[in-house]
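Below, each chain spelled out in residue letters.
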2 protein chains.
Amino acid sequence: MRVSEAFQVLAEPARRQILDLLRERPRLVGELTEQLGLPQPSTSKHLKALREAGLVRVGRDGTRRWYRLCPEPLLAIDQWLAPYRRMWESSFAALERHLDSMPDDDDPPAKERT
Amino acid sequence: MRVSEAFQVLAEPARRQILDLLRERPRLVGELTEQLGLPQPSTSKHLKALREAGLVRVGRDGTRRWYRLCPEPLLAIDQWLAPYRRMWESSFAALERHLDSMPDDDDPPAKERT
DNA sequence: CAAATATATTCTCTTGCAAGCATATAGTCA
DNA sequence: TGACTATATGCTTGCAAGAGAATATATTTG
């Protein structure tokens with residue numbers, strides 16, 4: 001699915017940082033490299049992943065490449081999120097209180113046998 | 001970061017499917033296993049990932065475990081998404097048109113040297 | 001063409017899962 | 001206690017992906 005790919009790509013902090021920078025304005029690879037403090041090849045590889053996920057597009061200008069944001073895949077995520085958003089926007093709190101009456105059990109340590 | 005973990009966990013389709021099922025109501029592991037068509041151990045492992053990401057909680061009832069949705073981490077993602085949402089909600093289209101005047105260059109094949 | 005610059009790709013190494021199977025744990029009931 | 005059910009964990013294997021270094025490609029300039 002397309003959404004899976006977007007989630008996967010966004011799981012990397014450096015890539016979200018790139019998107020944050022591109023939100024402001026289009027940027028050159030060198031510029032991004034400097035801002036991220038990464039070696040240039042790493043930046044290029046992250047940009048490739050973002051490109052393949054449709055999150056950025058690139059335009060040439062001689063030997064330079066301007067990367068710009070392409071938010072459509074984010075719209076897909078936003079739409080996946082929509083029904084959940086309704087949960088915390090509406091009667092979620094009441095449901096939560098009801099269910100909290102059950103005992104929680106996050107990760108009980110193993111007990112020895114009697 | 002907490003957001004990275006959420007993205008990572010949501011990248012797996014089966015896990016999103018689990019959340020979709022839990023959105024309706026709390027469920028037992030066996031129930032989820034049946035719906036997903038996965039072997040039970042796989043379901044348990046996905047549930048563990050979801051637990052550790054804070055996306056679900058579990059309550060005991062004898063030998064059964066009720067899993068329920070816990071949407072807070074989704075709220076974090078929603079908030080990360082917010083500034084981007086503004087882009088497609090406002091003047092995004094105009095900006096897009098402007099930038100599209102630049103030539104695109106998605107993956108040009110390598111050429112031989114003269 | 002050669003050199004310099006900007007960016008991409010390749011390679012190796014290592015790590016992180018996920019699938020699949022076997023088995024452990026815990027609770028219930030006879 | 002022993003069988004039975006519900007769920008979790010461990011182990012192995014294969015694969016996808018990230019870090020880092022080296023190098024390739026393409027463009028501009030002299």
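Residues numbered from 1 in each chain as written. Chains lettered and ligands numbered in written order. Predicted model: local features only at pLDDT ≥ 70, side-chain atom pairs only at ≥ 80, totals over all residues. Heavy atoms only, no water.

For the rest of this paragraph, the subject is the overall build of chain A. From N to C terminus, chain A includes six helices and three strands. Reading chain A from its N terminus to its C terminus gives the helix and strand order α-α-β-α-α-β-β-α-α. Across the 114 residues of chain A, 44% fall into the buried class. Taking contacts inside chain A between residues at least 6 apart in sequence as the whole, the part at least 24 apart equals 48%. About 6,700 Å² of surface is accessible on chain A, with carbon and sulfur atoms providing 50% of the total. (Helix = DSSP H or I, 4+ residues; strand = E, 2+ residues; numbered from the N terminus. Buried < 20%, exposed > 50% of the residue type's maximum accessible area, 1.4 Å probe, protein only. Contact = heavy atoms within 4.5 Å. Areas by Shrake-Rupley, 256 points an atom, 1.4 Å probe, with all protein chains shown as cover.)

Once that is clear, we can look at the environment of B:Thr63. Among the secondary structure elements, B:Thr63 is positioned in the loop between strand S2 (56-61) and strand S3 (64-69). Classification of B:Thr63 by relative accessible area gives exposed; the value is 75%.

By size, the foremost hydrophobic cluster in this structure holds 54 residues, and its most contacted members are A:Phe7, A:Leu19, B:Phe7 and B:Leu19. Setting aside its immediate chain neighbours within four residues, A:Leu19 contacts A:Leu10, A:Leu50, A:Leu55, A:Val56, A:Leu69, B:Trp80 and B:Tyr84. (Core = buried A, V, L, I, M, F, W, Y, C linked by side-chain atoms within 4.5 Å.)

Moving on to the packing of helix H5 (residues 72-89) of chain A against helix H5 (residues 72-89) of chain B. For the pair H5(A) and H5(B), interaxial distance at closest approach is 10 Å and the crossing angle is 130 degrees. It follows that H5(A) is oblique to H5(B) by the angle criterion. For H5(A) against H5(B), the interelement crossing comes out left-handed. Here A:Leu74, A:Leu75, A:Ile77, A:Asp78, A:Trp80, A:Leu81, A:Tyr84, A:Arg85 and A:Trp88 of H5(A) lie close against H5(B), whose contacting residues are B:Leu74, B:Leu75, B:Ile77, B:Asp78, B:Trp80, B:Leu81, B:Tyr84, B:Arg85 and B:Trp88. (Axes fitted to C-alpha atoms, helices over the stretch in contact; angles between N-to-C directions. Parallel < 35°, antiparallel > 145°, perpendicular 65-115°, else oblique. Left-handed = near helix turned anticlockwise from the far one by under 90°.)

Taken together, 22 residues lie near DNA strand D, and A:Arg15, A:Lys45, B:Gln40, B:Ser44 and B:Tyr67 sit nearest. Counted by atom, the contact set of DNA strand D within 4 Å of the protein is 61% sugar and phosphate. One nitrogen or oxygen atom from the side chain of A:Lys45 is found 2.3 Å from a base oxygen belonging to DNA strand D. A distance of 3.5 Å separates a phosphate oxygen of DNA strand D from a polar atom in the side chain of A:Arg60. Broken down by secondary-structure element, the contributors of at least two residues to the surface near DNA strand D are helix H4 (40-52) of chain A together with helix H3 (29-36), helix H4 (40-52) and S3 of chain B. By residue number, the principal contributor to the surface near DNA strand D is H4(B), which donates five residues. (Near = heavy atom within 4 Å. Polar contact = N/O pair within 3.5 Å; in protein donor to acceptor, adjacent residues only side chain to side chain.)

What follows concerns the environment of A:Pro73. All names here are of chain A. When you line up the elements, Pro 73 lands in helix H5. Overall, Pro 73 belongs to the buried group, its relative accessible area being 12%. Between the alpha carbons of Pro 73 and Glu 5 there is a distance of 9.3 Å; along the sequence they are 68 residues apart. The contact partners of Pro 73, leaving out residues within four places of it in the chain, are Ala 6, Ala 53, Gly 54 and Leu 55.

The values are spatial; any link to function lies outside them.
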